[in-house]
Amino acid sequence: MLRREIPDGAGAGRVIVMANNRVAPAPGDGGGESAEIPLQPWQRWDETMQPLCYWEDEPVALAFASGPRDSWPSGREWLALVSNRWFSLLSTALQVGAWLQNHRFCGRCGARATRLSAEFAMHCDSCGHRNYPRISPCIITLVTSGENMLLGRSPRFRPGQYSTLAGFIEPGESAEEAVHREVYEEVGVHIDQLRYYRSQAWPFPHSLMMGFFAEATTRRIRIDENEISDAAWFTPRRLPGLPAPYSIARELIEAHLTRWRE
């Protein structure tokens with residue numbers, strides 16, 4: 001599907017058009033591909049576009065539109081709309097797009113930066129500093145006690161939705177240390193038996209989620225009301241609203257449910 005090779009010098013290909021984390025739908029043509037995909041038809045590229053990758057062996061570039069585009073779906077809406085096979089392309093476009101928009105100037109001296117063609121990099125001709133896309137490592141953990149799952153909700157969640165516990169890894173901290181710290185900080189529960197699951201690029205805006213399972217050694221919940229508005233134990237037979245199907249949080253939950261339903 002996606003080939004992580006920058007099509008430098010291609011000059012033409014497919015295009016993803018973005019504006020403020022919203023992605024333009026393809027124009028409907030009454031047949032074939034429709035507006036239900038985020039990939040524009042084959043076209044010539046100009047110097048403002050960022051060559052991005054290959055998708056199904058076709059070169060893809062990223063373009064930016066000016067002005068408000070409130071009618072375009074957001075990145076989250078696109079991921080809910082299209083099949084999972086689009087995740088890698090959309091995730092790459094959203095993360096590279098956010099980086100390009102936020103790093104047009106050198107973070108060291110403030111001079112305008114120059115985009116390099118052969119790699120994702122912004123170079124400062126004034127001081128020589130080179131900036132690459134930011135990737136922020138995070139842990140995301142499903143805490144269990146037998147069949148029971150400890151889920152929490154952020155004040156930002158839709159009503160009734162709960163999810164797994166997550167947080168950024170701090171400087172000098174291992175992923176395993178972050179799991180222990182974040183779980184205790186957010187819900188006051190001690191854990192052991194950490195088991196790594198897998199990772200997922202999370203483009204909101206530039207996270208790398210490292211998924212874990214952990215077994216609780218204490219069950220009393222004490223929530224951190226700054227980040228968590230509520231947390232509770234749930235069984236496979238009594239579930240709240242769950243996170244989006246494309247998220248690793250949902251994968252962790254579904255993997256646990258499968259284990260206890262077999």
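So, here's what we can say about the structure. Just so you know, these numbers come straight off a predicted model, no measurement behind them. (Residues numbered from 1 in each chain as written. Predicted model: local features only at pLDDT ≥ 70, side-chain atom pairs only at ≥ 80, totals over all residues. Heavy atoms only, no water.)

**Re the side chain of Arg181**
Point 1. In this structure, Arg181 sits in helix α3 (residues 175-187).
Point 2. A distance of 2.6 Å separates a polar atom in the side chain of Arg181 from a polar atom in the side chain of Glu173.
Point 3. If near-sequence neighbours (up to four positions away) are discounted, Arg181 is found in contact with Phe168, Ile169, Glu170 and Glu173. (Helix = DSSP H or I, 4+ residues; strand = E, 2+ residues; numbered from the N terminus. Polar contact = N/O pair within 3.5 Å; in protein donor to acceptor, adjacent residues only side chain to side chain. Contact = heavy atoms within 4.5 Å.)

**As for the packing of aromatic side chains**
Point 1. Enumeration according to the criterion identifies 6 aromatic pairs in this entry.
Point 2. A centroid spacing of 5.5 Å and a plane angle of 70 degrees characterise the contact between Tyr196 and Phe212, whose relative ring orientation is edge-to-face. Of this pair, Tyr196 sits in strand β13 (residues 191-202) while Phe212 sits in strand β14 (residues 207-216); the two residues are 16 residues apart in sequence, bridging distant segments of the chain.
Point 3. When its relative accessible area of 4% is taken as the criterion, Phe212 is described as buried.
Point 4. Judged by centre distance (5.1 Å) and plane angle (75 degrees), the rings of Trp202 and Phe204 are edge-to-face. Both residues of the pair, Trp202 and Phe204, count as buried.
Point 5. An aromatic cluster of three or more residues is present, and its members are Trp202, Phe204 and Tyr246.
Point 6. Taking the ring centre of Tyr54 as reference, the NZ or CZ of Arg3 above it sits at 4.1 Å.
Point 7. Directly above the aromatic system of Tyr184 lies the positively charged group of Arg222, at a separation of 5.2 Å from the ring centroid. (Phe/Tyr/Trp six-rings, centres within 6.5 Å; stacked < 30°, edge-to-face > 60°. Buried < 20%, exposed > 50% of the residue type's maximum accessible area, 1.4 Å probe, protein only. Lys NZ or Arg CZ within 6 Å of the ring centre and 35° of its normal.)

**Quick word on the pattern of salt bridges**
Point 1. Counted according to the given criterion, the structure contains 13 salt bridges.
Point 2. The closest approach of N and O atoms between Glu170 and Arg181, which form a salt bridge, is 3.6 Å. Separated by 11 residues along the polypeptide, Glu170 in the loop between β12 (165-168) and α3 and Arg181 in helix α3 bring together distant segments of the chain.
Point 3. Of the residues examined, Glu170 reaches a relative accessible area of 43% and is grouped as partly exposed.
Point 4. Look at Arg181 and you get buried, because its relative accessible area is 16%.
Point 5. For the salt bridge of Arg181 with Glu173, the shortest nitrogen-to-oxygen distance reads 2.6 Å.
Point 6. A cluster of three or more residues bridged by salt bridges with shared partners is formed by Glu170, Glu173, Arg181, Glu182 and Glu185. (Salt bridge = Lys/Arg side-chain N within 4 Å of Asp/Glu carboxyl O.)

**A closer look at the state of the cysteines**
Point 1. Scanning the entire structure with this criterion turns up 0 disulfides.
Point 2. For the unlinked cysteine Cys106, the closest cysteine sulfur is that of Cys127, found at 3.6 Å.
Point 3. Owing to a relative accessible area of 8%, Cys106 belongs among the buried residues under this scheme. (Disulfide = S-S within 2.5 Å.)

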